[in-house]
Amino acid sequence: MVNVGVLGATGMVGQRFIQLLDKHPDFEITALAASSRSAGKRYEDATTWYLNEAMPDSVKDITVCETSPEAMSNDVDILFSSLPTEFAAKVEPEFAKDYVVASNASAMRMVDDVPLVIPEVNPEFLDLIEIQQKNRGWDGFIVTNPNCSTIALTLTLKPIYDAFKINRVYVSTMQAVSGAGYNGVPSMAIVDNIIPYIGNEEEKMESETLHLLGNLDGTDVVNADFSLSASCHRVGVIDGHTEAVFVELDKDENIEDIKDAMSNFKGLPQELDLYSAPKNPVIVKDEDDRPQPRLDRLSDDGMAVTVGRLRKDVSMDNSFKYVLVGHNTVRGAAGASVLNAELINEKIL
């Protein structure tokens, strides 16, 4: 059994980490860290629990520690980070000197020697770990997962990118309020409304997707060679990001071949039968009115992305379009880090 801890344990994503790790066959939570306001308290006393599922009994009596390496137990092998970006940029490198850090924070995602990984898409990027440790003199290391909207998009683009040649992609997102945290979007702002701006979200989608679909050339990542334009919007849905995707290929392709590529897509987590890996990372629906967040966000325990309305786009040559739904706090956040850690545990530790 691998002992693990959660940084930012009292927040929404921290709580999702705890939910996913409870009763995990390979990982056991032995440490929880949060702000100084929570440090020294029992986790149950320090936390306002937001998830529908009850707080696991296994964590209620754990004493929350300060978010610093000095306060962390030495009896921890992997730390899961859901820290705010600015704090993560300072603290995660300090932890990585001695610990394995599986981070959902954005602070280190695009740093040259830090792997940004979706295990089904680019597991070979984990080769950067050795370079990172050599560069920095660390015994531990940091591995990051992408932005929540990026993960869902990239999982659906990977089988297309491997089978065909993509010229350009346009994506318009309708993102759930939980992506901003419990206090992130005031109710008076989102009820009866759509917010057409999410800070830095479009830039993250555009840069991270091309990075993830690129190639690792020694110590450098060469981005995928197509253009991508994103427009991101916040809507009044609690969980589950919806994205409308438009893809232009270099030549006309049969829509059934595209559907088959997505439906049959599997990656290394499926080959290794990792605990959190969905049977099919991409599920393709034929119904006219699917996917929908309320019906599809929990597909395969929230770890699969559901695609529907896959059809030709008659407005552009060699183009097709589809709609996807992915659970933003499971596959798009905590679940992504847990799957990264499972792959690390299998292949590296």
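Predicted model, so just to flag it, every value in this text is computed and none were measured.

Student: I tried to follow the overall build of the protein on my own but got confused; where do I start?
Tutor: Per the secondary structure count, the protein includes 12 helices and 14 strands. By the compact-globule yardstick of 20 Å for 349 residues, the protein fits well, its C-alpha radius of gyration being 20 Å. The dimensions of the protein, computed from C-alpha atoms along their principal axes, are 60 × 50 × 35 Å. Out of the 349 residues belonging to the protein, those deemed buried represent 55%. The long-range fraction of contacts in the protein, counting pairs at least 24 apart against all pairs at least 6 apart in sequence, stands at 74%. Here the protein displays about 15100 Å² of accessible surface, and carbon together with sulfur accounts for 45% of that area.

Student: Teacher, can you tell me more about the sheet that holds strand β14 (residues 319-326) here?
Tutor: Backbone-to-backbone hydrogen bonds pair the strands of a sheet. The strands run either parallel or antiparallel. Strands sit in the order β10-β7-β11-β14-β13-β12 across an open sheet of 6 strands; the sheet is mixed. Edge positions in the sheet fall to β10 (227-234) and β12 (282-284), since each has one partner strand and no second. Averaged over all pairs of adjacent strands, the angle between their axes in this sheet comes to 20°, without regard to strand direction. Against the sheet, helix α6 (residues 148-163) makes contact with β7 (166-175), β10, β11 (241-249), β12, β13 (305-312) and β14, and its axis sits at roughly 135° relative to β14, the strand it touches most. Contacting β7, β10 and β11, helix α8 (residues 201-212) crosses the sheet at an angle of about 145° to β10.

Student: For this particular structure, what's the right way to read the environment of Asp112?
Tutor: Within the element layout of this structure, Asp112 appears in the loop between β5 (100-103) and α5 (128-136). Each C-alpha atom, one on Asp112 and one on Ala31, is 29 Å from the other, the two residues being 81 residues apart in sequence.

Student: Before we go on, may I ask you to explain unusual backbone geometry in this structure?
Tutor: Most peptide bonds take the trans form, and the phi angle of most residues other than glycine is negative. Following Arg290, the chain continues into Pro291 via a peptide bond in cis, with omega recorded as 5°. Tracing the sequence through the fold places Pro291 in the loop between β12 and α11 (293-296). One non-glycine residue, Arg309, adopts positive backbone phi at about 55°. Summarising the element assignment, Arg309 is placed in strand β13. Taking relative accessible area as the criterion, Arg309 reaches 41% and is therefore assigned partly exposed. Positive phi is not limited to glycine here, since Asn318 has a value of about 55°. Structurally, Asn318 can be placed in the loop between β13 and β14. The partly exposed category is assigned to Asn318, whose relative accessible area is 27%.

Procedures and definitions
Position labels on residues start from 1 in each chain and follow its written sequence. Selection of residues for local features in this predicted model requires a pLDDT of at least 70, selection of side-chain atom pairs for listing and counting requires 80 or more, and totals for whole chains, interfaces and linings are taken over all residues. No hydrogens and no water enter the side-chain calculation; it runs on all heavy atoms of the structure. Helix numbers and strand numbers start at the N terminus; a helix is a DSSP run of H or I with at least 4 residues, a strand a run of E with at least 2. Restricting the calculation to C-alpha atoms gives the radius of gyration, and the globule rule supplies 2.2 Å times the number of residues raised to the power 0.38. Burial classes: relative accessible area under 20% of the type maximum marks a residue as buried, over 50% as exposed, and values in between as partly exposed (1.4 Å probe, protein chains only). Contacts are residue-level and defined by heavy atoms, with any inter-residue pair within 4.5 Å sufficient. Exposure was quantified through the Shrake-Rupley algorithm and a 1.4 Å probe, taking into account, for residues, occlusion by the shown protein chains and nothing else. Being paired, for any two strands, means DSSP has found at least two bridges between them. Axes here refer to lines fitted to C-alpha atoms; in helices the fit is confined to the stretch in contact. Angles between the N-to-C directions go from 0 to 180 degrees.

Fair warning: the whole summary comes from geometry, so function is off the table for now.
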